[in-house]
Amino acid sequence: MADRIHRVVIEGSRISTPRLTLRPWAPGDADAALPVYGVDEVSRWLAPALEPVSDLASMERLIERWVAESVTLEPPQGRWAISLRETGQLVGGVALLPLPPFGSDLEIGWQLAPDVWGQGLAAEAGHAVAHQAFESNAGVEELFAVVRPRNSRGAATARRVGMEWVGETEKYYNLQLQVYRLRKGDLDASGPTAAMR
């Protein structure tokens with residue numbers, strides 16, 4: 001199981017793992033994205049960075065904003081829809097974006113539809129985006145994930161990606177958050193291999 005996380009193929013704006021395809025969001029993704037971003041189990045952990053999505057029209061507007069924003073992001077930053085390679089079903093999203101307020105730290109964030117939780121897909125997507133960031137020519141040396149203290153699933157996923165807990169802060173989003181960090185040299189040293197055994 002651990003070996004499949006490590007096989008990452010990056011082709012332009014698409015990233016592939018043995019089970020997943022990460023690709024840029026498209027306007028037609030709203031129907032499939034609503035069961036991810038429109039459910040309380042996911043959305044309650046995303047505010048204020050992302051307000052809850054209440055209906056299909058709101059999801060369409062949000063994806064339109066993501067698509068427009070994508071042309072302004074400097075690589076390796078981006079937002080990707082996560083789909084299952086075997087079926088093509090869209091099951092979530094992953095992003096690599098600057099953390100507010102200063103934008104000097106890069107955050108990996110992931111969201112999955114609750115019906116696919118518990119399969120290691122979020123860790124696989126996060127790990128793939130970390131590979132993409134570290135293999136870029138942008139000089140990225142470390143990545144972060146910020147997790148609300150009661151979000152045990154988010155914290156567990158950060159650890160499975162290979163991130164280490166570095167403390168709590170109110171620096172980001174004006175919230176008390178747990179901070180996890182992954183350094184370039186630690187990407188495949190122990191994280192996913194050790195955590196997935």
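Residues numbered from 1 in each chain as written. Predicted model: local features only at pLDDT ≥ 70, side-chain atom pairs only at ≥ 80, totals over all residues. Heavy atoms only, no water.

Caption draft 1: Up close: the environment of Arg148. With respect to the secondary-structure elements, Arg148 resides in the loop between β7 (142-147) and α6 (152-161). A relative accessible area of 24% places Arg148 in the partly exposed class. C-alpha of Arg148 to C-alpha of Leu177: the two residues are 29 residues apart in sequence and 4.9 Å apart in space. If near-sequence neighbours (up to four positions away) are discounted, Arg148 is found in contact with Arg44, Trp45, Ala47, Pro48, Leu175 and Leu177. (Helix = DSSP H or I, 4+ residues; strand = E, 2+ residues; numbered from the N terminus. Buried < 20%, exposed > 50% of the residue type's maximum accessible area, 1.4 Å probe, protein only. Contact = heavy atoms within 4.5 Å.)

Caption draft 2: Region of the structure containing the packing of aromatic side chains. Applying the stated criterion across every chain, the model contains three aromatic pairs. On the basis of an interplanar angle of 50 degrees and a centroid distance of 5.2 Å, the ring pair of Trp25 and Trp66 is categorised as tilted. Here Trp25 is found in the loop between β3 (20-24) and α2 (30-37), whereas its partner Trp66 is found in helix α4 (residues 56-70), with 41 residues between them in sequence. Residue Trp66 is classed as buried on the basis of its relative accessible area, which comes to 3%. Taking 5.3 Å as the distance between ring centres and 70 degrees as the angle between the ring planes, the aromatic pair formed by Tyr37 and Trp66 counts as edge-to-face. Of this pair, Tyr37 sits in helix α2 while Trp66 sits in helix α4, and the two are 29 residues apart along the sequence. What links up through ring pairs into an aromatic cluster is the set Trp25, Tyr37 and Trp66. (Phe/Tyr/Trp six-rings, centres within 6.5 Å; stacked < 30°, edge-to-face > 60°.)

Caption draft 3: Representation of the side chain of Ser16. With respect to the element layout, Ser16 can be found in strand β2 (residues 14-16). Apart from the residues lying within four places of it in its own chain, the contact partners of Ser16 are Arg7, Val8, Val9, Thr21 and Arg85.

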